[in-house]
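A look at the structure
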Amino acid sequence: MAAAINRSVETSNIKHGWVLAALETLDRLSRYLDVPLTDFFDEGARVVSPAWAATDMRLREVMRGLTDREAEVALLQIEALTLLRSDGKG
């Protein structure tokens with residue numbers, strides 16, 4: 001993907017959450033992935049771990065390949081997981 005957006009392979013550090021991407025790089029990524037630039041920003045300004053961020057990115061990639069019905073079922077499954085929490089936050 002780095003080659004497709006004319007960036008170095010070191011850009012993978014962005015994917016892992018080790019460095020922040022320049023706005024130009026995010027713009028190129030959004031065009032390449034055909035997603036709105038705003039998808040790269042978390043409105044809640046919540047701090048997440050690199051592992052959580054990587055999982056979030058993988059989830060978004062998977063969701064893009066699903067039909068409307070499949071995406072709805074996936075969301076229901078994820079929502080069901082929150083009901084299983086033992087901390088009562090579900």
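Heads up: the structure comes first, above all this text.
Residues numbered from 1 in each chain as written. Predicted model: local features only at pLDDT ≥ 70, side-chain atom pairs only at ≥ 80, totals over all residues. Heavy atoms only, no water.

**Some details on the overall build of the protein**
Cut-off, in case you're wondering: Numbering of helices and strands runs from the N terminus; a helix is a DSSP stretch of H or I covering at least four residues, while a strand is a stretch of E covering at least two. Type-normalised accessible area, obtained with a 1.4 Å probe on protein chains alone, sets the label of each residue: buried when under 20%, exposed when over 50%, and partly exposed for intermediate values. Should any heavy atoms of two residues lie within 4.5 Å, those residues are considered in contact. Values of accessible area rely on a 1.4 Å probe in the Shrake-Rupley scheme; residue burial ignores everything except the protein chains shown.
Within the protein one finds four helices and zero strands. Tracing the protein from N to C terminus, the helices and strands come up as α-α-α-α. Within the protein, the proportion of its 90 residues that are buried is 11%. Restricting to contacts in the protein with at least 6 residues of sequence separation, those with at least 24 account for 26%. About 7,200 Å² of surface is accessible on the protein, with carbon and sulfur atoms providing 58% of the total.

**A short note on unusual backbone geometry**
For Asp 34, which is not glycine, the phi torsion reads 55° and is therefore positive. Among the secondary structure elements, Asp 34 is positioned in the loop between α2 (23–33) and α3 (50–64).

**Some words on the environment of Met 63**
Inspection of the secondary structure puts Met 63 in helix α3. The class of Met 63 is partly exposed, set by a relative accessible area of 28%. C-alpha of Met 63 to C-alpha of Leu 75: the two residues are 12 residues apart in sequence and 9.5 Å apart in space. Aside from chain neighbours lying at most four places away, what touches Met 63 is Ala 71 and Ala 74.

**Re a nonpolar patch on the surface**
Convention followed: Patches in this entry comprise residues that are over 30% relatively accessible and not in a salt bridge; like charges within 9 Å are linked, as are nonpolar side chains (Val, Leu, Ile, Met, Phe, Trp, Tyr) within 5 Å. Salt bridge criterion: a side-chain nitrogen from Lys or Arg within 4 Å of a carboxyl oxygen from Asp or Glu.
There is a patch of nonpolar side chains on the surface, built from Leu 59, Ile 78, Leu 81 and Leu 84 and spanning about 390 Å² of accessible area. The topology assignment puts Leu 81 in helix α4 (residues 68–83). Given the relative accessible area of 54%, Leu 81 is considered exposed.

**Notes on the layout of surface pockets**
The following threshold applies: Think of a 1 Å grid over the protein atoms and nothing else: a 1.4 Å probe that fits but is trapped marks a cavity, an open set flanked by protein within 12 Å on at least five of seven lines marks a pocket, and residues with an atom within 4 Å of a point count as lining. Grid points are joined across faces, edges and corners, and a volume is the space filled by probe spheres set on the points.
One number sums up the size of the second largest pocket: a volume of about 440 Å³. Trp 52, Thr 55, Asp 56, Leu 59, Arg 60, Met 63, Ala 74, Leu 75, Ile 78, Leu 81, Thr 82 and Arg 85 together form the lining of the second largest pocket. Of all the secondary structure elements, the ones that give two or more residues to the lining of the second largest pocket are α3 and α4. The element contributing the most residues to the lining of the second largest pocket is α3, with six residues.

**So, the pattern of salt bridges**
With the rule as written, the count across this model stands at four salt bridges. The residue Glu 24 makes a salt bridge to Arg 28 at a minimum N-O spacing of 2.7 Å. One end of the pair, Glu 24, and the other, Arg 28, are both in helix α2, four residues apart, so they sit about a helical turn from each other. In this structure Glu 24 comes out as partly exposed when scored by relative accessible area, which is 46%. The shortest N-O distance in the salt bridge between Arg 60 and Asp 56 comes to 3.1 Å. Residue Arg 60 and its partner Asp 56 are both found in helix α3; the two are separated by four residues, about one turn of the helix. In this structure Arg 60 comes out as partly exposed when scored by relative accessible area, which is 32%.

In short, the description is geometric, and any link to function would need to be established separately.
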